[in-house]
Amino acid sequence: MSEFDIKAFLASLTERPGVYRMINQSDEVIYVGKAKNLKRRVSSYFVKQQAIKTQAMVEQVVRIEVTVTDTESEALILENTLIKRLNPRYNVLFRDDKSYPYLFVSTGKTYPALSFHRGAKRRVGRYFGPFPNAGAVHQTLQALQKIFPVRQCAESVFKHRSRPCLQYQIKRCSGPCVGLISQQDYAQDVALTIKFLEGKSFEVIEELGHKMEQAAEQLEFEQAAIMRDRISALRTIQSQHLINQPGSQDLDVVVATEQAGHCCVTLMLYRGGHLWGSENYFPKNQAASLNQVLSAFITQHYESHPIPKTLLTDPLPDDQAWLQEWLADKKGQKVEIKQAMQTTAKGLVQLALTNGETALKQHITQKSSQQDRVYALQEALMLAKPPTRMECFDISHTMGQQTVASCVVFVDGVPVTQQYRKFNIEGITGGDDYAAMHQALMRRYQRLKNEQAVLPDLLIVDGGKGQLNQAIEVLKSLDLESIPLVSVAKGEGRKAGLEILYTPTNDEGIDLEADDIALHLINYIRDEAHRFAITGHRARRQKAQTRSTLEQIEGVGPKTRKALLTHFGGLEQVKNAAASELSKVPGVSQKIAQRIYDFYHGE
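Owing to the predicted nature of the structure, the values given are computational and were not obtained by experimental measurement.

> Where do I start with the overall build of the protein in this structure?
Looking only at helices and strands, the protein features 20 helices and 19 strands. The principal-axis extent of the C-alpha atoms belonging to the protein is close to 85 × 75 × 55 Å. Within the protein, the proportion of its 603 residues that are buried is 44%. Look at the contacts in the protein between residues 6 or more apart in sequence, and 61% of them connect residues 24 or more apart. Of the roughly 31700 Å² that the protein leaves accessible, carbon and sulfur atoms contribute 48%.

Right, dumping it as structure tokens:
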């Protein structure tokens, strides 16, 4: 390949907005960037003194490709799309593809309920959020339950109650299911709840205060005490938030902190003046300033998450004006990115920075501990290199039925749950764990080999020498004998810490001390494989138990099954019905009715 002539390339490069892709000798895109002026931005990599990481990237570049766009916003969108698709090694990458949970108020119902919600917003009602995690939603629901006695039960439960539940007994629900509160009074409680969630807690306190005074004037002292307790609970919640002024707008606080070459982005969500939770993100492939890290986070995070009116950041991200314009286009109204200037705003940013510094310190410590365990395992098993990627298999069944094999994946000592796999085992003698292990391993590694996918640095199987021999046989048949292998046999009395490790070259077994960190890692991985296998097995068993026996009757399709169950009200009633009764169901002929009757009565 001819040497890259950067001077000739820059001489002809346009000054329009666009996206550039840096490519190495292996034809791999190693960096994607956007630019308001392509010529000026790309030139800066080759004429200025760069940081060590940036210089290392530039030295690998043998070709640069550009895509010109009409506007800066188009360049931003294209850059984000290419980063997600190409996963360049030198770009700052955040893994944040989860959907955020909301708190839902079913205002379309006569007696609305409060509930947890995640996913598409198809139901009629009010949605409040997003919350950073499920725990924040449940914490808010618990707080609301102590203040406003609005029901939090499911519709199916609400419709079939004949007497009030425990929540009513402990004064956390007003009992609308059995008519213990009028629709008008209940609607007032719902209205107060919505006002609180909208950030109008001062108005709520004022309204509750009026009710307390009215109740006292009418000598309804018990009702006045209830209002007093609600006001006290509300003030307690208010005191836990930094901002609680009336009319506070929605805002996100986004800060970046750095320690020992590691970076953390902390996001704190404030809605209606209340802090609804926080989340910490640790970027991959960090070779950038904190300003660039924040810019990357904002483009990647708000591509698929709700955008607030204001973002408080520290420091300010690169391309601040550009990002504001892009966010405003997506939101459909003005969005402001700014640094804290007022005392309250500075307090919010400082709180986020404190959270970020604490989380980053724990992350670094944990990462160091994980690496120590990986290196200890390498030494214990005498491996040629640290087992960065490990896969572990386990088998679960009940009396040989609904057998499921699990495969869990760990990278750098950390579980990668999205790469976990389950295998429904078929065609073996029930209870034959060796055959089940053989089938799972064969299916897994035959596929990885065919797809030329990444293979593990260490394969772990739960069990003794029998399971080990199955793994040896599978790897040998696939010409994958170079994969290091270990089996974990339970020790005496099946007690933790007494496990024996067997490898193809150590038939006597490796007996590590109970406090050995290498054994701790092995047990952690083995236990996770066991948990995942049991989860899969229980799901399969439950599915088998709930499957209607009507499916086994020839000529009884889905529509007929539905008609039978609807007509009789359940499977037991179908079983006990006479053939003449069965034939009265629309779509059920006399012949099919007799066949159903014979199936259940052994004719």
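> Help me understand the sheet that holds strand β2 (residues 29–35) in this model?
The pairing of strands in a sheet happens through backbone hydrogen bonds and is either parallel or antiparallel. Taken in spatial order, the 3 strands make up an open sheet running β2-β1-β3, and their pairing is antiparallel. Every other strand in the sheet has two partners, leaving β2 and β3 (63–68) as the edge strands with one partner each. Across the sheet, the mean angle from the axis of one strand to that of its neighbour is 20°, orientation sign disregarded. Taken together, the 6 bridges between strand β1 (residues 18–23) and β3 define a ladder with antiparallel strand orientation. In the sheet register, Gly18 faces β3, and the bridge partner there is Val68. Where helix α2 (residues 38–47) meets the sheet, its contacts fall on β1, β2 and β3, and the angle it forms with β1 comes to roughly 30°.

> Please explain the environment of Thr299 as it appears in this structure.
Residue placement: Thr299 occurs in helix α11 (residues 290–301). In this structure Thr299 comes out as buried when scored by relative accessible area, which is 4%. Separated by 107 residues in the primary sequence, Thr299 and Leu192 have C-alpha atoms spaced 36 Å apart. With near-sequence residues (within four places) excluded, Thr299 lies in contact with Leu76, Asn80, Leu323 and Trp326.

> Explain unusual backbone geometry here, please?
Glycine aside, negative phi is the norm for most residues, and most peptide bonds take the trans geometry. Along the chain, Asp314 connects to Pro315 via a cis peptide bond; the corresponding omega equals -5°. Summarising the element assignment, Pro315 is placed in the loop between β10 (310–314) and α12 (320–331). Even without a glycine there, the phi angle at Asp27 is positive, about 65°. Here Asp27 shows up in the loop between β1 and β2. Given the relative accessible area of 52%, Asp27 is considered exposed. In this structure, Asn87 is a non-glycine residue whose phi angle is positive, near 50°. Secondary-structure assignment places Asn87 in the loop between α4 (72–86) and β4 (102–105).

> Hey, could you run me through the packing of helix α14 (residues 433–450) against helix α15 (residues 465–477) in this one?
Helix packing for two helices is described by the angle between their axes and how far apart those axes are. It is at 9 Å that the axes of α14 and α15 come closest, and there the two elements cross at 30°. Overall, the two elements α14 and α15 adopt an arrangement that is roughly parallel. Judged by the sense of rotation from one axis to the other, the crossing of α14 with α15 is right-handed. Packed against α14, whose contacting residues are Asp433, Tyr434, Met437, His438, Leu441 and Met442, the element α15 presents Gly466, Gln467, Gln470, Ala471, Glu473, Val474 and Ser477 at the interface. Looking at the contact of α14 with α15 residue by residue, the class counts come to 6 nonpolar, 5 polar and 2 charged.

> Explain the pattern of salt bridges here, please?
When charged atoms on two side chains of opposite charge get close, those side chains can pair. Counting across every chain of the model gives 20 salt bridges. Note that Glu207 and Lys195 form a salt bridge whose closest N and O atoms lie 3.3 Å from each other. Of this pair, Glu207 sits in helix α9 (residues 201–217) while Lys195 sits in helix α8 (residues 183–197), placing them 12 residues apart in sequence. Beyond isolated ion pairs, a larger network of salt bridges with shared partners links Arg21, Asp27, Arg63 and Glu65.

Cut-off values and rules
- Residues numbered from 1 in each chain as written.
- Predicted model: local features only at pLDDT ≥ 70, side-chain atom pairs only at ≥ 80, totals over all residues.
- Heavy atoms only, no water.
- Helix = DSSP H or I, 4+ residues; strand = E, 2+ residues; numbered from the N terminus.
- Buried < 20%, exposed > 50% of the residue type's maximum accessible area, 1.4 Å probe, protein only.
- Contact = heavy atoms within 4.5 Å.
- Areas by Shrake-Rupley, 256 points an atom, 1.4 Å probe, with all protein chains shown as cover.
- Pairing = 2+ DSSP bridges.
- Axes fitted to C-alpha atoms, helices over the stretch in contact; angles between N-to-C directions.
- Parallel < 35°, antiparallel > 145°, perpendicular 65-115°, else oblique.
- Left-handed = near helix turned anticlockwise from the far one by under 90°.
- Nonpolar A, V, L, I, M, F, W, Y, C, P; charged D, E, K, R; others polar.
- Salt bridge = Lys/Arg side-chain N within 4 Å of Asp/Glu carboxyl O.

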